[in-house]
Amino acid sequence: MSGFDMIMVHIPLLTVVTPLIAGFLMPIVGWIDRKLCWYWVMAIMFVVLLMASSNLYTVITTGTIHYELGGWKPPVGIEYVIDLLNGFVCLIIAFIGLMVGIYSKESITKELPNKIIPFYSVFLLLITGLMGMTITGDIFNFYVFLEISSLSAYALIAMGDRGDGVVASFNYLIMGTVAASFILLGIGYLYAVTGSLNMADMQNLLPDLYNNNNKVVLAALAFFMVGFSIKVGLFPLHAWLPDAYTHAPSTASALIAGLMTKVGVYALIRFMFCVFTPAFVFDITRMAEILTWAAALAIIIGSVLAIAQSDIKRMLAYSSISQIGYILLGIGLANLIGMQGGLLHILNHAFMKCALFLVAGAIFYKTGIRNIYQFKGLGKKMPVTTLVFLIAGLSMIGIPGTVGFTSKYYLALGSLEEGMWIFVIVILLSSLLNIVYFWRVFDNIWFGHPHEVEHIKQDEAPVSMLIPMVILAALCIFFGLFAYYPLHYILEPLSEALIGSGVGP
Amino acid sequence: MVTETVNSMVPALAVLVSMVASVLILAFGKYPNIREGWTFVAAFTKFSLVISMLPLILDGKVITYTVVKMLPNLPIAFKVDAFGILFAITSSFLWIFVTSYSIGYMRTLKEHAQTRYYFCFAIALSSAIGIAFSANLITLFLFYELLTISTYPLVAHTETAEAISSGRKYLTYLMIAGVSLLFAIVVVYNATGTTEFSFNGIAGLETLERTTLIILFIAFMIGCAKAAFMPLHAWLPAAMVAPTPVSALLHAVAVVKAGVFTAIRIILYVFGVDLMETSGLWLNMAYFVSITIILASIFAMTQNNLKKRLAYSTVSQLSYVVLGAVLITQHGITGGMLHIPYHAFMKITLFMCAGALIVTAKKENISDMNGIARQMPITMLAFTVGALGMIGMPPVGGYITKWYLLLGAAELENMILIGVLLISAVLNAAYFFPVIYVAFFKKPDKELKYKEAPLTMLIPLVLTAIISIIIGIWPDAPGLFLDIVNIAVANVTGGGI
């Protein structure tokens, strides 16, 4: 066995540990030279991306990866399990992390000149937490990583706008802690009745219990649902989200908006399908039905509230609330098409929303403006940035040829398959609402003042900020036209497995 | 009847040409001559590519090309049949004229943001051709939405408060239509597992319950709001705030024809002749569009702004096309389909004349046009040709389509529809003759000197007027529109060529 092979075996663990160790080394790197911090983050994120890709590749070609931490056999030891679901999510985390990392160089230098070292330290810890939550197959270990990611997120947000950032972070801290407590209680309840913390093991043990109508299990499910609903900002538990997204530094907004809620959704799926069973959440408790209605409500109300905003980041935050509704709607529909639509939207929304937040950051970087009614002439001043905004915005609306369309189409199809016409109407209505709040911005960027803009000169954001934005916009179109590939290789088998018996750990 | 299919990427190229051109237009934005040069190159190339496919189509073949498998079972694909190429030839041919006309119009008026204008125009043309060549509903929807978005900046071009609010109105109507169309597409896919057009309609739709079928049809027709059926027509007069070349090509040809084209695709290639007949939808739809035909003509009479009058006339004429298709008789469909190119040539002439009046005489309202023919005799002559065509007087083309439509209605022995067609002809005369009268016979308020629009504008409008006459005199010339339409009709009705 060569040295390379020896490392290959440990890649699932290294995906989590690399950013963790790198995060702790950051102060040393920064002590040598502050400029090195960014290069260090880049190197680490690149390695993480490679490892995440390798993980997913292994899963697609050879099947689920089981990694026993320290050689302890599950269910006693902690087990890391990578299947299609978390392999897919890990890759998104690593990719968005890298993109935001590239972007952060200029943005952080301008917005947080004195906090570069702590920022990047926490940045890597956030990635660690998210990766860990995703990869682990042990629910207590999951909770540990949940706390790591949440604490890093609080810290990142608190670095944002003076005063407001701290308040937003504190709000989030309170809400996040309530959520975490719910989740911890749920874990405790399940441990009490099953004596196990391993997800796969639990899935085997639980059916006997809830077939006997065990109230503890029901309570645990309820706790999980509430806890994760707060974490993903599902309406009406979304109150922390707009402030947190708005007042965080631009880079952090993009990272948190692109990833935090996605991982929350991932966790929800994992618990619903792989700790409990689809039969339990769909038929016995009908939790999924509640979820779809809440999601439908979130879709509409999120969009309506987004229309009322004039701060672009706040508008995008409310739009996130609505988009999370799409994902949960697809999952709650409990059929193959809907599930694929929901899962696909995790990917799609990560691209779109991350691109949009990066654009908002770039505009703020150049002009200091966040109010969309002051965006006059931006089309001429920052043509590339605004073009990215146009593509991502059209994608959010769901114009065919962009990623937003494919998931929307699948969700509508899935709703129809369940005979839920009302959800089809909700999805389409939300498209229209999306048009309203995005078109307002388009109009302000390109129209309405032909004579004032004549003297405006081009003044584009730095290249290091443009590159990730352009890549994300290109992906919005690429996966809009080639959605077949993720669907065929990942999401179709995954949805079948999830709906069928519940795969995984 | 089995049709032979040929696989070729020409249709994809024909769509792409103006996309590529749009990028070049943007790149050369600072050099007006080169920029507009690219538009010309694109227009000619596009037309050549489209016309190069015509011989195969006239042979009764169908050209297919799959661009990309977007989703499982949902490719973005092109299929060129006789009906598609009819619309494609009309739009791409007229683009050449309008390019020349645009240059004259935009430069004379010293309009701002011309690069954006040519850019969006090129994208809009790509979308129109894309709609013409779509093989399935999803591809059609893609280009349908692209057309809406790319024409918004053209409508809001002047960026005045009025233009922006008209633009919003435009967007609201057409986006709601888009959503409704998507809804219908999802329902069709859910019911049949495909969205591909077929000469006999998509198999499997007949299994739907009657209520669902009716809802589906209504959703589709709301989706075709680009065809400006009443009461979904209000965006069209509002869109007249756009520069006249836009009104001429897009709001008399590309956009609105895309609407009726889609409506016919849905009526004949999704529902199919048989299902339309058995469900009885055809007659209801025929009455529904009859209302538009009559009402829009009456509205047209009340307009003093020439462009708005023409817009209402378009609303009325578009419904002729749909009326023809829903008659589902051989003659009716022929009349309807043939009206797409015929109306295009006549109406674009009229709009280009209106634009010439704006540029040269600075006049938009009919009441100010006393004796204007003394100043611009050629323009007003061309206008007269277009107007006669609209009314249906030989030898200008319009009488042929009306003849076919009347034949179709007569075959059904439906007195109401015959009556509608006759009344509408009278109404057409009632709102076009006053314009001609005012221009030629009323005394001008002050002495007018001969002054025509620049040649870049004058030549296109004269040529389209001449073509309007030619297609009236030799409608059955080989390879001309009637030939193509006959093949298309044979396809959908199952008859031989």
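Residues numbered from 1 in each chain as written. Chains lettered and ligands numbered in written order. Predicted model: local features only at pLDDT ≥ 70, side-chain atom pairs only at ≥ 80, totals over all residues.

### Regarding the overall build of chain A
Now for step 1: Across its full length, chain A holds 21 helices and two strands.
Now for step 2: Its C-alpha atoms give chain A a radius of gyration of 22 Å, near enough to 23 Å, the size a compact globule of 505 residues would have.
Now for step 3: Along the three orthogonal principal directions, the C-alpha set of chain A runs to about 75 × 60 × 40 Å.
Now for step 4: Counting across all 505 residues of chain A, residues that qualify as buried make up 62%. (Helix = DSSP H or I, 4+ residues; strand = E, 2+ residues; numbered from the N terminus. Rg over C-alpha atoms; globule rule 2.2 N^0.38 Å. Buried ≥ 20, exposed ≤ 12 C-beta atoms within 10 Å, placed from the backbone.)

### Observations regarding the overall build of chain B
Now for step 1: Regarding its fold elements, chain B presents 19 helices and three strands.
Now for step 2: Its C-alpha radius of gyration of 21 Å places chain B within 12% of the 23 Å reference for a compact globule of 497 residues.
Now for step 3: Expressed as lengths along the three principal axes of its C-alpha atoms, the size of chain B is roughly 70 × 55 × 45 Å.
Now for step 4: In chain B, which comprises 497 residues, the proportion classed as buried is 62%.
Now for step 5: A separation of at least 24 residues holds for 79% of the contacts in chain B among residues at least 6 apart in sequence. (Contact = placed C-beta atoms within 7 Å.)

### Thoughts on the packing of helix α2 (residues 11-32) of chain A against helix α5 (residues 116-135) of chain A
Residue and element names in this part refer to chain A.
Now for step 1: The interhelical angle for the contact between α2 and α5, taken along N-to-C directions, is 170°, at an axis separation of 8 Å. Of the possible angle classes, the one that applies to α2 and α5 is roughly antiparallel. Residues Pro-12, Thr-15, Val-16, Pro-19, Leu-20, Ala-22, Gly-23, Met-26, Pro-27 and Gly-30 of α2 form the contact with α5, whose own contacting residues are Ile-116, Ile-117, Tyr-120, Ser-121, Leu-124, Leu-125, Ile-127, Thr-128, Met-131, Gly-132 and Ile-135.
Now for step 2: Along the lines of polarity and charge, the residues of the contact of α2 with α5 split into 15 nonpolar, six polar and no charged. (Axes fitted to C-alpha atoms, helices over the stretch in contact; angles between N-to-C directions. Parallel < 35°, antiparallel > 145°, perpendicular 65-115°, else oblique. Nonpolar A, V, L, I, M, F, W, Y, C, P; charged D, E, K, R; others polar.)

### Quick notes on the interface of chain B and chain A
By convention, interface size is frequently given as the accessible area that disappears when the constituent parts associate.
Now for step 1: Between chain B and chain A, the contact holds 25 residues from the first and 26 residues from the second.
Now for step 2: Elements that contribute at least two residues to the side of chain B that touches chain A include exactly β2 (62-71), α6 (137-155) and α7 (161-192) of chain B.
Now for step 3: At 11 residues, the largest contribution of residues to the side of chain B that touches chain A is made by α7 of chain B.
Now for step 4: Each residue belonging to the side of chain B that touches chain A can be placed in one class, and the counts come to 20 nonpolar, two polar and three charged.

### So, unusual backbone geometry
Now for step 1: Each neighbour pair has its own omega, and for Phe-235 of chain A with Pro-236 of chain A the value is 0°, a cis peptide bond.
Now for step 2: Within the fold, Pro-236 of chain A resides in the loop between α9 (215-232) and α10 (240-247).
Now for step 3: Here the bond from Met-230 of chain B into Pro-231 of chain B is cis, since omega is 5°, no more than 30 degrees from zero.
Now for step 4: Its place among the elements puts Pro-231 of chain B in the loop between α8 (210-223) and α9 (235-238).
Now for step 5: The backbone phi angle of Ala-228 of chain B is positive, close to 55°, even though this residue is not glycine.
Now for step 6: Mapped onto the fold, Ala-228 of chain B is located in the loop between α8 and α9.
Now for step 7: The phi dihedral of Glu-413 of chain B is positive, around 55°, even though this residue is not glycine.
Now for step 8: When you line up the elements, Glu-413 of chain B lands in the loop between α16 (398-411) and α17 (415-441).

### A look at the packing of helix α4 (residues 82-108) of chain B against helix α5 (residues 114-133) of chain B
Axes are the key here: two packed helices are described by the angle between their axes and the distance separating the axes.
Residue and element names in this part refer to chain B.
Now for step 1: Between α4 and α5, the least distance of the axes is 9 Å, while the angle of their chain directions is 170°. The angle between the axes of α4 and α5 places the two elements in the roughly antiparallel class. Along the contact surface, α4 presents Gly-84, Phe-87, Ala-88, Ser-91, Ser-92, Trp-95 and Met-106, while α5 presents Gln-114, Tyr-117, Leu-125, Ala-128, Ile-129, Ala-132 and Phe-133.
Now for step 2: Here the residues of the contact of α4 with α5 sort into 10 nonpolar, four polar and no charged.

### Examining the sheet that holds β2 of chain B
Hydrogen bonds along the backbone pair up the strands of a sheet, which may run parallel or antiparallel.
Residue and element names in this part refer to chain B.
Now for step 1: Ordered by their spatial adjacency, three strands build an open sheet running β1-β2-β3, and the pairing between neighbours is mixed. Bordering the open sheet on either side are β1 (5-7) and β3 (74-80), each of which pairs with just one other strand. Across this sheet, the average inter-strand angle for adjacent strands is 35°, counted without regard to direction.
Now for step 2: By the bridge criterion, seven bridges tie β2 to β3 in an arrangement that is antiparallel. Directly across from Lys-69, in β3, lies its bridge partner Pro-75. (Pairing = 2+ DSSP bridges.)

### Quick word on the pairing of strand β2 (residues 79-82) of chain A
Residue and element names in this part refer to chain A.
Now for step 1: Alternating positions in β2 separate into two faces, Glu-79 and Val-81 on one and Tyr-80 and Ile-82 on the other, with burial throughout.
Now for step 2: Summarising the sheet, strand β1 (residues 65-68) and β2 pair through four bridges and their orientation is antiparallel. Residue Ile-65 lies in a different strand from β2, and its bridge partner there is Ile-82.

### Regarding helix α12 (residues 306-326) of chain B
Residues and elements named next belong to chain B.
Now for step 1: Counted at 1.5 Å a residue, the expected span for α12 with its 21 residues is 30 Å, and the 31 Å between its end C-alpha atoms agrees.
Now for step 2: Of all the 21 residues making up α12, 21 are buried; the element is thus mostly covered by neighbouring parts of the structure.
Now for step 3: In the segment just after α12, Ile-328 is the residue with positive phi, at about 45°. (Expected span 1.5 Å × (residues − 1).)

### Looking at the nonpolar core
Now for step 1: Of all hydrophobic cores here, the largest spans 414 residues; its most connected members are Cys-354, Ala-355 and Cys-476 of chain A together with Leu-86, Val-186 and Val-326 of chain B.
Now for step 2: For this core, the element with the highest residue contribution is helix α10 (residues 244-279) of chain B, accounting for 23 residues.
Now for step 3: Apart from the residues lying within four places of it in its own chain, the contact partners of Val-326 of chain B are Ile-267, Met-276, Trp-282, Met-285 and Ala-286 of chain B. (Core = buried A, V, L, I, M, F, W, Y, C linked by C-beta atoms within 7 Å.)

### What about the environment of Leu-146 of chain B?
All names here are of chain B.
Now for step 1: Relative to the assigned elements, Leu-146 resides in helix α6.
Now for step 2: Residue classification places Leu-146 among the buried residues on the basis of 22 C-beta atoms within 10 Å.
Now for step 3: Setting aside its immediate chain neighbours within four residues, Leu-146 contacts Ile-123 and Ser-127.

### Points about α17 of chain B
All names here are of chain B.
Now for step 1: If you check α17, its first and last C-alpha atoms are 38 Å apart, about what 27 residues at 1.5 Å a residue would give, namely 39 Å.
Now for step 2: Taking the largest bend as the criterion, α17 deviates by roughly 25°, centred on Phe-432, and proline Pro-434 comes between one and four positions later.
Now for step 3: Every buried residue of α17 is listed here: Leu-417, Val-420, Leu-421, Ser-424, Leu-427, Asn-428, Tyr-431, Phe-432, Val-435 and Ala-439.
Now for step 4: Among the structural elements, α11 (281-302), α12, α14 (372-375), α15 (377-391) and α16 are those in contact with the buried residues of α17. (Bend = angle between axes of the 7 residues up to and from the residue.)

### Description of the environment of Asp-368 of chain B
Now for step 1: When you line up the elements, Asp-368 of chain B lands in the loop between α13 (330-361) and α14.
Now for step 2: Sequence separation between Asp-368 of chain B and Asp-445 of chain B is 77 residues, and the spatial gap between their C-alpha atoms is 8.8 Å.

### So, the confidence of the model for chain B
Now for step 1: Looking at chain B as a whole, the pLDDT averages 88, with 99% of positions reaching at least 70.
Now for step 2: Scored as a whole, the predicted complex attains pTM 0.91, and scored at its interfaces, ipTM 0.89. (pLDDT = per-residue confidence, 0-100.)

### Some details on the environment of Ala-238 of chain B
Residues and elements named next belong to chain B.
Now for step 1: Relative to the helices and strands, Ala-238 resides in helix α9.
Now for step 2: By the C-beta count within 10 Å, which is 21 here, Ala-238 ends up buried.
Now for step 3: For the pair Ala-238 and Arg-210, spaced 28 residues apart in the sequence, the C-alpha separation amounts to 36 Å.

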